[in-house]
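Residue-level structure breakdown
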Amino acid sequence: RAFSFSQHKLSLFVSAEVVASLHALLSEEEIQRIDWIILEWGKTLNTTMIYRYCRKKMVDVLWFGTVSHHYLLFGALCRLLRNTKTVLTIHDANSFFRPKPRLQPRSSLNFLGKKLLAKSVNGFSTLLTSTKTYIENNHNPRRPVDCIPGSFFNGMPSPPVKDGSA
């Protein structure tokens, strides 16, 4: 289980919705060991908050579960945090490693941001060994790629699913 680190302090930068989901799945002891930093989706100031926290707490490893926007800011964040190892989880290898440049300003920023982020992190992680192999064989990432198999909640009951009937 990813949250069963008795000798480590874990800090999570997550949305309020994720906090609620994790609180429902974790024990009180696990909840107390985690430093919860709530981010608002899509806010550019999130990277500033993460930077200040990492510098103040001297964070050793910053692991991004997903970066789906503000690539340029997250790339700059990784560059600024020279003493912090940064790992980015890749979900869509083609979109991340081979972004298509477009003429629209936002698309151009995303293209440049993905390139900067790929060059700025210390390594990549994937959830599947097949994705790891695909990245190594097709994208020449120039950074280590590790597979973190399974899920965070391995052995935990699945959260209740609403069936839509009522």
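Owing to the predicted nature of the structure, the values given are computational and were not obtained by experimental measurement. (Residues numbered from 1 in each chain as written. Predicted model: local features only at pLDDT ≥ 70, side-chain atom pairs only at ≥ 80, totals over all residues. Heavy atoms only, no water.)

1. Overview of the packing of helix α4 (residues 71-80) against helix α6 (residues 105-120)
Here is the rule we go by: All axes here are fitted lines through C-alpha atoms, helices being fitted over the stretch that makes contact, and every angle between N-to-C directions spans 0 to 180 degrees. A run of H or I in DSSP counts as a helix once it spans at least four residues, and a run of E counts as a strand once it spans at least two, with each numbered from the N terminus. Orientation categories follow fixed angle ranges, with anything under 35 degrees roughly parallel, anything over 145 roughly antiparallel, 65 to 115 roughly perpendicular, and all other angles oblique. Each crossing is labelled by how the near helix is turned from the far one, with a counterclockwise turn of less than a right angle marking it left-handed and a clockwise turn marking it right-handed. Whether two residues are in contact is decided by their heavy atoms: any pair within 4.5 Å suffices. Basically, the charged four are Asp, Glu, Lys and Arg, the nonpolar ten are Ala, Val, Leu, Ile, Met, Phe, Trp, Tyr, Cys and Pro, and anything else, Gly included, counts as polar.
At a closest axis distance of 7 Å, the pairing of α4 and α6 adopts a crossing angle of 25 degrees. Considered as vectors, α4 and α6 are oriented roughly parallel to each other. As α4 packs across α6, the resulting crossing turns out to be left-handed. Counted together, Y71, L72, F74, G75, A76, C78 and R79 of α4 and L109, N110, L112, G113, K114, L116, L117, K119 and S120 of α6 form the full contact between these two elements. Considering only residue class, the contact of α4 with α6 consists of nine nonpolar, four polar and three charged.

2. Let's talk about the pairing of strand β4 (residues 85-89)
Regular strands place side chains that alternate from one sheet face to the opposite one. Condition: By this definition, two strands are paired if DSSP reports at least two bridges between them. Call a crossover right-handed when, viewed with both strands pointing away from you, the route from the first strand across the helix to the second goes clockwise.
Sheet topology places strand β3 (residues 61-64) next to β4; four bridges connect them, and they run parallel. The residue bridging W63 from the neighbouring strand is V87, located in β4. After leaving β3, the chain enters α4 and then returns to the sheet as β4, a path that is right-handed.

3. Things to note about the packing of aromatic side chains
Defined as follows: Aromatic pairing here means that ring centres of Phe, Tyr or Trp (its six-membered ring) are within 6.5 Å. Orientation follows from the plane angle: under 30 degrees is stacked, over 60 is edge-to-face, and everything else is tilted. Using a 1.4 Å probe on the protein chains alone, a residue whose accessible area is under 20% of its type maximum counts as buried, one over 50% counts as exposed, and one in between counts as partly exposed.
Taken as a whole, this structure holds five aromatic pairs when the rule is applied. Relative to Y53, the ring of F13 lies with its centre 5.2 Å away and its plane at 90 degrees, an arrangement referred to as edge-to-face. Placement of F13 in strand β1 (residues 10-14) and of Y53 in helix α3 (residues 45-57) is noted, with a sequence separation of 40 residues between them. Residue classification places F13 among the buried positions, given a relative accessible area of 18%. Seen from their ring centres, F96 and F97 are 5.1 Å apart, and the 85 degrees between their planes marks the pair as edge-to-face. Among the residues examined, F96 registers a relative accessible area of 8% and is labelled buried.

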